[in-house]
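Letter by letter, the chains look like this.
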Amino acid sequence: MSAPLLEVRGLCVGFEGAANIIDGFDLAIRAGESIGLVGSSGAGKSLLARALLGLLPSGARSRAGLVIYDGQTLSTPAQFARLRGAHIAYVFQDAASSLHPLKRVATQLHECLRVHAPELDRAQRGRRIGEALEEVGLADARRWLNAFAHQLSGGQRQRVMLALTLLPQPKLLIADEPTSALDPVLARRVCDLLAAATQRRGMALLLISHDLPRVAEYCERIYRLQQGRVVAAPLQCCAPTPAPALTPAPAPALAPALIEARGLSLSYASNWRWPWQKPLAWVIDGLDLRLTAGQRLAVIGSSGSGKSSLARGLLRLLPALGGEVRWFGQDLARLTTTQLRLVRPRVQLVFQDPFGSLDPLQRVDAMLAEALRYAPFAGAQLRQSVHGLLAAVGLPADAATRYPSQFSGGQRQRLAIARALATQPAVLICDEATSALDADTQTQILNLLDRLAAERGLALLFISHDLAAVARLCDRLLVLDGGRIVEQGETTQLLNAPQSAALRALLDARPQRRSSEIA
Amino acid sequence: MTPSPWRTLFLARAVFAPFCLLLLLAGLSGLTAAWWPYTPGQPIWGQDLLAPAWLHGHWLGTDAIGRDMWARTMAGIGVSLAIGLGAGLLALIFGGIIGAIAGFVGGWVDELLMRINDLLLSLPLMLIAILLIALFEPSMGLLILVVGGFGSLDAARILRMEARRLRNADFMIASQLQGATVLQQLARHLLPNLLPVALTALGTVVPQAILVESFLAFLGLGPSERVGSLGTLLAEGVQDLQWAPWTLWVPAAALALILLGFGLLGDALRARLRLLTSSG
């Protein structure tokens, strides 16, 4: 067994005046090996990656431990600086902000080579750059070289970043959540590229992520970071066949629909056109949908398929340009403002971003009390209180006197759910309600939604691109692509025998188990 | 029980210190009016052009006709602060209403209000102010109205942007979806969230108002001949600069302190705005 390329012994990192976040961390990466590092958000993954590169944020200190690269102990900033880029490369989470916004791609790539390989002349550099771009799947280099970062899509940016890090031919690549900003299909392609590039060049890879199944697929060993140290990773991969969905009694076909869309068409452009203008670009194009009491319907599709627009259309945040939306049998478009206001509490939305959906200046008790005031209580209905709501979503009673900024993402999502429940809705629409959360928190929120829906007989419309979540929570599935329904049916059936290309692409994008050894 | 974001904001040292400086100046001005043995407008025969000294009781000296400089400067600070704050508040309230309506309602209402705003902003402030004050009897109220009116144009623009951002914020949509009326949305979410930006705007509008007032007073269009704002004092100090430099330096230093206080306060508030408006 060869000596490790990078070895970390007993590393302790913490912010000044606070306890260690990384506390006695050990790691060894041999040349050509792929290692995964998983942990929930806040576990210190990114801090660790930065410590390995000698790039700790201000205020953070490395208090103990050794970082040894190729037999040499790294301690001074100069030693780290010599290795960075040339030997150890780093792929950032957010490619959009790590590319220079005002320089063309070519300039940035040339600059990188000028620093790391000053012996090359311009033509040689150009050749190397062309090869690197081809390697990351950006053939036809000329087209990309003259582009600015904002002209590239998220996946393309991440590829350019990858090409940039590969240029100096490093021995070790540290990728810090390289795909968490991408949709699953793109994330898969980027991960494939990453794996292929490291394999071809015999590079070592340290893949950092909160997404255990995905890491498991690409890495030989997985470390799990918890409370600052490595613990064995319990490998809970997505089974190839989805877990049996909870089976609430299938709604009879003719049960009255709570929400019904008939031939719904939505567009962000105005309906009125000049005769010579192009016809409307429909975001949702003639869509039919029925949600009955207690039903759990999932709407899935990749980014841009119109999922969120559908939610906005069903909630009349976006007017229907064609077709109609009915709530409890009433045509939404015909309701007056007051009538609409009175029926609104019955259908609630849980937003994707738990950081934007709570008023930062409103204390939790004020927020819930306000929501309770909107509830259309009829007589001696279930009396809810602020504390009752907090308990229902699993938050302690003292949360009532705190402000949203004092909660974590998962707790905020619980607060948002509590607020939605306050008005006693019959329907809960979740618009990517778990996609901004890390894996552990996602599971908790899904369990919570599952329990609440069962307890309160809520109908769920769960919009997502996460098939595992959908399989766990929903009994019916509806696949959206380009604003149309391309497939619908029972969740288990559909996931086992996908018909449409859109669903197959989403299924293929799911991580598959390949890991052999778990550290 | 956790402190509200507002409390945390105002207890921050960078916000608290300039706030205290301004409070101190205002307090001194009030105390002087109540207990100082000399009044700002009363000349004292035989005591003209005394240099600042401890012993003769005129700590900051006297001016050409024997008025006590301490009393005059403190009264001037009071006038300047009153006009600055009055104009600033007027600008915020008026500009806030216009900006909030334009930003929240959007569409043609927004276009109309903002184009009128642009039109007024393109007029030369100083000329209009001089014209208005020359036409009517100069008074503190008129000055506040003119300076505050102009300040409201800027404030409206700043607050409109913020209102537009807030209108599309998820928490506003959430309250709409819960059945809140437009007025409830405005009162419970939009206005409280506009306040931090409004305060920051106050940090630019108030010093501007104080400067404009000083400039007008310097030109002789001040609110009151008898008491005089800092601008009036400056105008008189310039005339006596050669033989009594303190008559210029003292009010100039006072004006600089006020502007420094508001400047630091505005900067500190702007830097900490994220504490309030972003929930992260």
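Fair warning: this is a prediction, and the values are worked out from it, not measured in the lab.

## Points about the overall build of chain A
Inference 1: For chain A, the helix and strand inventory stands at 18 helices and 20 strands.
Inference 2: The contacts in chain A between residues at least 6 apart in sequence include a share of 74% that link residues at least 24 apart.

## What to know about the overall build of chain B
Inference 1: A count of helices and strands for chain B gives 11 helices and zero strands.
Inference 2: Secondary structure elements in chain B, listed N-terminal to C-terminal, are α-α-α-α-α-α-α-α-α-α-α.
Inference 3: Burial status across chain B gives 45% buried among its 280 residues.
Inference 4: The long-range fraction of contacts in chain B, counting pairs at least 24 apart against all pairs at least 6 apart in sequence, stands at 72%.

## Some details on the sheet that holds strand S15 (residues 330-331) of chain A
Residues and elements named next belong to chain A.
Inference 1: One open sheet holds the four strands; their spatial order is S12-S11-S14-S15, and the pairing between them is antiparallel. The sheet is open, and its two edges are formed by strand S12 (284-292) and S15, each paired on a single side.
Inference 2: Pairing geometry for strand S11 (residues 257-266) and strand S14 (residues 322-327), over five bridges, is antiparallel. Following the sheet pairing, Arg 262 is matched in S14 by Glu 324.
Inference 3: Packed onto the sheet, helix H10 (residues 307-314) meets S11, S12 and S14 and runs at close to 120 degrees relative to S11.

## Notes on the pairing of S14 of chain A
Both faces of the sheet carry side chains from a regular strand, because those side chains alternate between them.
Residue and element names in this part refer to chain A.
Inference 1: Direction of pairing for S14 relative to S15: antiparallel, over a ladder of two bridges. Bridging from a neighbouring strand, Trp 327 pairs with Gln 330 of S15.
Inference 2: Hairpin connection, S14 to S15: the antiparallel pair is bridged by two residues, and Phe 328 has positive phi, about 50 degrees.

## Some words on the confidence of the model for chain B
Caution is warranted with low-pLDDT regions, since their predicted coordinates should not be read in detail.
Residues and elements named next belong to chain B.
Inference 1: Scored by pLDDT, chain B has a mean of 85; 95% of the residues are at 70 or more.
Inference 2: The secondary-structure element of chain B with the lowest mean pLDDT is helix H11 (residues 273-277), recorded at 67, while helix H4 (residues 107-121) shows the highest, at 92.
Inference 3: Across the interface, the model reports ipTM at 0.77; the global pTM reads 0.69.

## Remarks on unusual backbone geometry
Inference 1: The phi torsion at Glu 177 of chain A lies on the positive side, around 45 degrees, for a residue other than glycine.
Inference 2: Taking the C-beta count within 10 Å as the criterion, Glu 177 of chain A has 20 such neighbours and is therefore assigned buried.

## Examining the nonpolar core
Inference 1: Among the nonpolar cores identified, the biggest contains 149 residues, and Val 427, Ile 429, Leu 460 and Val 470 of chain A together with Leu 159 of chain B are the most heavily contacted of them.
Inference 2: For this core, the leading source of residues is helix H3 (residues 69-105) of chain B, giving 18 residues.
Inference 3: Setting aside residues up to four positions removed in sequence, Ile 429 of chain A forms contacts with Ala 311, Leu 314, Leu 315, Val 347, Leu 349 and Leu 461 of chain A.
Inference 4: Core analysis: the next-biggest nonpolar cluster, separate from the first, contains 74 residues, Ala 89, Ala 95, Val 105 and Leu 166 of chain A among them.

## A closer look at the interface of chain B and chain A
Interfaces are often sized by the amount of accessible area the parts lose when they come together.
Inference 1: Taken residue by residue, the interface counts 23 residues in chain B and 28 residues in chain A.
Inference 2: If one sorts the elements of the side of chain B that touches chain A by residue count, helix H7 (residues 170-177) of chain B sits on top with five residues.
Inference 3: Residues that form the side of chain B that touches chain A fall into these classes: 10 nonpolar, 11 polar and two charged.

## What to know about the packing of helix H2 (residues 13-35) of chain B against helix H10 (residues 246-271) of chain B
All names here are of chain B.
Inference 1: Where H2 meets H10, the closest approach of the two axes is 8 Å, and the angle between their N-to-C directions is 155 degrees. By the criterion of interaxial angle, the relationship of H2 to H10 is roughly antiparallel. In this structure, H2 crosses over H10, and the sense of that crossing is left-handed. On H10, the residues that touch Ala 14, Val 15, Pro 18, Phe 19, Leu 21, Leu 22 and Leu 25 of H2 are Leu 257, Ile 258, Gly 261, Leu 264, Leu 265, Ala 268 and Leu 269.
Inference 2: Looking at the contact of H2 with H10 residue by residue, the classes come out as 13 nonpolar, one polar and no charged.

## Side note on the confidence of the model for chain A
Residues and elements named next belong to chain A.
Inference 1: Scored by pLDDT, chain A has a mean of 82; 90% of the residues are at 70 or more.
Inference 2: Under a pLDDT of 50 for its full length, residues 234-252 has, in the predicted model, 31 contacts with residues more than four places off or in other chains.
Inference 3: Within the model, pLDDT remains below 50 along residues 378-382, and this stretch shows zero contacts once partners closer than five positions in the same chain are excluded.

## What about the environment of Leu 74 of chain A?
All names here are of chain A.
Inference 1: For Leu 74, the position within the fold is in strand S5 (residues 72-74).
Inference 2: In sequence terms Leu 74 and Leu 53 are 21 residues apart; their C-alpha atoms lie 9.6 Å from each other.
Inference 3: Setting aside residues no more than four positions away along its own chain, Leu 74 makes contact with Gly 54, Val 67, Tyr 69, Gln 79 and Phe 80.

## Describing the sheet that holds strand S9 (residues 221-226) of chain A
All names here are of chain A.
Inference 1: The six strands are arranged S6-S7-S8-S3-S9-S10 in an open sheet whose pairing can be described as mixed. A single partner strand is all that each edge strand has here, and the edge strands are strand S6 (88-91) and strand S10 (229-231). Neighbouring strand axes in the sheet, compared pairwise and without regard to direction, differ in orientation by 25 degrees on average.
Inference 2: Summarising the sheet, strand S3 (residues 34-38) and S9 pair through four bridges and their orientation is parallel. Counted as the bridge partner of Gly 36 is Ile 222 from S9.
Inference 3: Lying on the sheet, helix H1 (residues 45-53) is in contact with S3, S6, strand S7 (172-176), strand S8 (204-209) and S9; it crosses S7 at an angle near 150 degrees.
Inference 4: Along the sheet, helix H7 (residues 154-166) makes contact with S6 and S7, crossing S6 at roughly 170 degrees.

## As for the pairing of strand S4 (residues 60-69) of chain A
Residue and element names in this part refer to chain A.
Inference 1: Bridge count between strand S1 (residues 6-15) and S4: eight bridges; the pairing is antiparallel. The residue of S4 that forms the bridge with Arg 9 is Leu 66.
Inference 2: Two strands pair when backbone bridges link them, and S4 and S5 are joined in this way by three bridges, in the antiparallel orientation. Directly across from Ile 68, in S5, lies its bridge partner Thr 73.
Inference 3: Hairpin connection between S4 and S5: a loop of two residues separates the two successive antiparallel strands, and Asp 70 in this loop has a positive phi of roughly 55 degrees.

## Remarks on helix H18 (residues 501-508) of chain A
All names here are of chain A.
Inference 1: Of all the positions in H18, only Ala 502, Leu 503 and Leu 506 are classed as buried. Looking down the long axis of H18, one finds its buried residues gathered within 95 degrees of arc, a one-sided arrangement. Counted as exposed and oriented over 90 degrees from the buried face of H18: Ala 501 and Asp 508.
Inference 2: Contacts made by the buried residues of H18 are with helix H8 (184-201), strand S13 (296-300), helix H16 (467-473), strand S19 (476-481), strand S20 (484-490) and helix H17 (491-496).

## So, H2 of chain B
Inference 1: Taking 1.5 Å as the rise per residue, H2 of chain B with 23 residues should run 33 Å; its terminal C-alpha atoms sit 31 Å apart, in good agreement.
Inference 2: Listing the buried residues of H2 of chain B in full gives Val 15, Pro 18, Leu 22, Ser 29 and Thr 32 of chain B.

## Remarks on the environment of Ser 229 of chain B
Inference 1: Relative to the helices and strands, Ser 229 of chain B resides in the loop between helix H8 (182-218) and helix H9 (230-239).
Inference 2: On the basis of neighbour counts, which here come to 31 C-beta atoms within 10 Å, the residue Ser 229 of chain B falls in the buried class.

Basis of the calculations
- Residues numbered from 1 in each chain as written.
- Chains lettered and ligands numbered in written order.
- Predicted model: local features only at pLDDT ≥ 70, side-chain atom pairs only at ≥ 80, totals over all residues.
- Helix = DSSP H or I, 4+ residues; strand = E, 2+ residues; numbered from the N terminus.
- Contact = placed C-beta atoms within 7 Å.
- Buried ≥ 20, exposed ≤ 12 C-beta atoms within 10 Å, placed from the backbone.
- Pairing = 2+ DSSP bridges.
- Axes fitted to C-alpha atoms, helices over the stretch in contact; angles between N-to-C directions.
- pLDDT = per-residue confidence, 0-100.
- Core = buried A, V, L, I, M, F, W, Y, C linked by C-beta atoms within 7 Å.
- Nonpolar A, V, L, I, M, F, W, Y, C, P; charged D, E, K, R; others polar.
- Parallel < 35°, antiparallel > 145°, perpendicular 65-115°, else oblique.
- Left-handed = near helix turned anticlockwise from the far one by under 90°.
- Arc of directions from axis to C-beta.
- Expected span 1.5 Å × (residues − 1).

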